[in-house]
Amino acid sequence: MTTPHLSDAELAGQPAAYWTGVAYESLIAFTRARQAEHGLTQPQFWLLRNLSPNDLLPGGGGLTVPELRQAMASYLRAEDDLDAEAEVLRQRGWLSRDAAGRLRITEAGEAARDRLKQHAPAIRARIHEGIDDADYVTTLKVLRQMIRNTGGTG
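Conventions adopted
- Residues numbered from 1 in each chain as written.
- Predicted model: local features only at pLDDT ≥ 70, side-chain atom pairs only at ≥ 80, totals over all residues.
- Heavy atoms only, no water.
- Helix = DSSP H or I, 4+ residues; strand = E, 2+ residues; numbered from the N terminus.
- Rg over C-alpha atoms; globule rule 2.2 N^0.38 Å.
- Buried < 20%, exposed > 50% of the residue type's maximum accessible area, 1.4 Å probe, protein only.
- Contact = heavy atoms within 4.5 Å.
- Areas by Shrake-Rupley, 256 points an atom, 1.4 Å probe, with all protein chains shown as cover.
- Lys, Arg positive; Asp, Glu negative; His and termini not counted.
- Charge placed at Lys NZ, Arg CZ, Asp CG, Glu CD.
- Expected span 1.5 Å × (residues − 1).
- Salt bridge = Lys/Arg side-chain N within 4 Å of Asp/Glu carboxyl O.
- Axes fitted to C-alpha atoms, helices over the stretch in contact; angles between N-to-C directions.
- Parallel < 35°, antiparallel > 145°, perpendicular 65-115°, else oblique.
- Nonpolar A, V, L, I, M, F, W, Y, C, P; charged D, E, K, R; others polar.
- Core = buried A, V, L, I, M, F, W, Y, C linked by side-chain atoms within 4.5 Å.
- Arc of directions from axis to C-beta.
- Polar contact = N/O pair within 3.5 Å; in protein donor to acceptor, adjacent residues only side chain to side chain.
- Left-handed = near helix turned anticlockwise from the far one by under 90°.

## Digging into the overall build of the chain
Then, number 1: Counting its regular elements, the chain contains eight helices and two strands.
Then, number 2: Each helix (α) and strand (β) of the chain, taken in turn from the N terminus, gives the series α-α-α-α-α-β-β-α-α-α.
Then, number 3: Its C-alpha atoms give the chain a radius of gyration of 19 Å, clearly above 15 Å, the size a compact globule of 154 residues would have.
Then, number 4: In terms of overall dimensions, the chain has C-alpha extents of about 60 × 35 × 25 Å along its principal axes.
Then, number 5: Put simply, the chain has 154 residues, and 27% of those count as buried.
Then, number 6: Summarising the internal contacts of the chain: among those between residues at least 6 apart in sequence, 54% fall at separations of at least 24.
Then, number 7: Surface accessibility of the chain: about 10000 Å² in total, with carbon and sulfur atoms responsible for 56%.
Then, number 8: In the chain, which carries 18 positive and 20 negative side-chain charges, the distance between the mean positions of the two groups comes to 4 Å.

Given below as structure tokens:
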């Protein structure tokens, strides 16, 4: 569904909360669909990233699902089931689980993380198509100020 062209005056009266919600859902759906084309769900990619000593877990050592859930709390969605996603990756041989329940990325998992990471610039480019970097930065600054104005942190 396309939205009608709105004048600047009409846009100024639009509720930011509505449009940020629409943007959030659209961006998440788009990103998840692109990642699925490469054989991973977004939560699976996050698991690999959060367990990789070459990415978000520099010291390695592994994490439990509750520790991973806490680390990802700010971007997990209600429907994301890390236990099920981790099990899929374990069955693929991309994660291992020790007796204490700590998950570790395997060499095959690291290779899969690297493969999907190579597609991230194309996904970002498609999302940012037709948007000048300066406009993007301005938009983020405006959103961050709105967050501060309403008592949020951002």
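## Observations regarding helix H2 (residues 16–36)
Then, number 1: The first and last C-alpha atoms of H2 sit 30 Å apart over 21 residues, in line with the 30 Å expected at 1.5 Å per residue.
Then, number 2: The complete set of buried residues in H2 reads Ile28, Phe30, Thr31, Arg32 and Gln35.
Then, number 3: Those residues of H2 that are buried are in contact with helix H3 (42–51), helix H6 (107–117) and helix H7 (120–128).

## Points about the pattern of salt bridges
Then, number 1: Taken as a whole and assessed by the stated rule, the structure comprises 12 salt bridges.
Then, number 2: Glu110 is the salt-bridge partner of Arg113, the closest N and O atoms lying 2.4 Å from each other. On the criterion of helical spacing, the pair formed by Arg113 and Glu110 is a turn pair, its members being three residues apart in helix H6.
Then, number 3: Glu110 gets classed as buried once you look at its relative accessible area, which sits at 11%.

## Some remarks on the packing of H2 against H3
Then, number 1: Between H2 and H3, whose axes approach to 9 Å, the crossing angle comes to 75°. The angle between the axes of H2 and H3 places the two elements in the roughly perpendicular class. In this structure, H2 contributes Ile28, Thr31, Arg32 and Gln35 to the contact, and H3 contributes Gln42, Pro43, Phe45 and Trp46.
Then, number 2: Residues belonging to the contact of H2 with H3 are distributed by class as follows: four nonpolar, three polar and one charged.

## Focus on the nonpolar core
Soluble globular proteins tend to bury their nonpolar side chains together.
Then, number 1: The biggest cluster of nonpolar side chains holds 21 residues, and the ones touching the most others in it are Leu48, Leu51, Leu68 and Leu95.
Then, number 2: For this core, the element with the most residues is H3, which contributes five residues.
Then, number 3: Setting aside chain neighbours within four positions, we find Leu51 in contact with Leu57, Gly62, Leu63, Leu68, Leu95, Leu103 and Ile105.

## Points about helix H5 (residues 82–92)
At 3.6 residues per turn, the α-helix brings residues three or four places apart onto the same side.
Then, number 1: Of all the residues in H5, the buried ones are Leu82, Glu85, Ala86 and Leu89. Down the axis of H5, the buried side of the element spans an arc of 100°, and every buried residue falls inside it.
Then, number 2: Taking the backbone nitrogen of Asp83 as reference, a side-chain oxygen 3.2 Å away marks Asp81 as the first, capping residue of H5.
Then, number 3: Within two residues after H5, Gly93 carries a phi angle of roughly 85°, on the positive side.

## Details of the packing of H3 against H6
Pairs of packed helices are described in terms of their axes, by the angle between the two and the distance that separates them.
Then, number 1: Viewed as axis vectors pointing N to C, H3 and H6 meet at an angle of 120°, and their least axial separation amounts to 10 Å. Both H3 and H6 take part in a crossing whose hand is left-handed. Together, Phe45, Leu48 and Arg49 of H3 and Gly109, Ala112, Arg113, Leu116 and Lys117 of H6 make up the contact between the two elements.
Then, number 2: For the contact of H3 with H6, the class distribution of residues is four nonpolar, one polar and three charged.

Worth remembering: the numbers are spatial, not functional.
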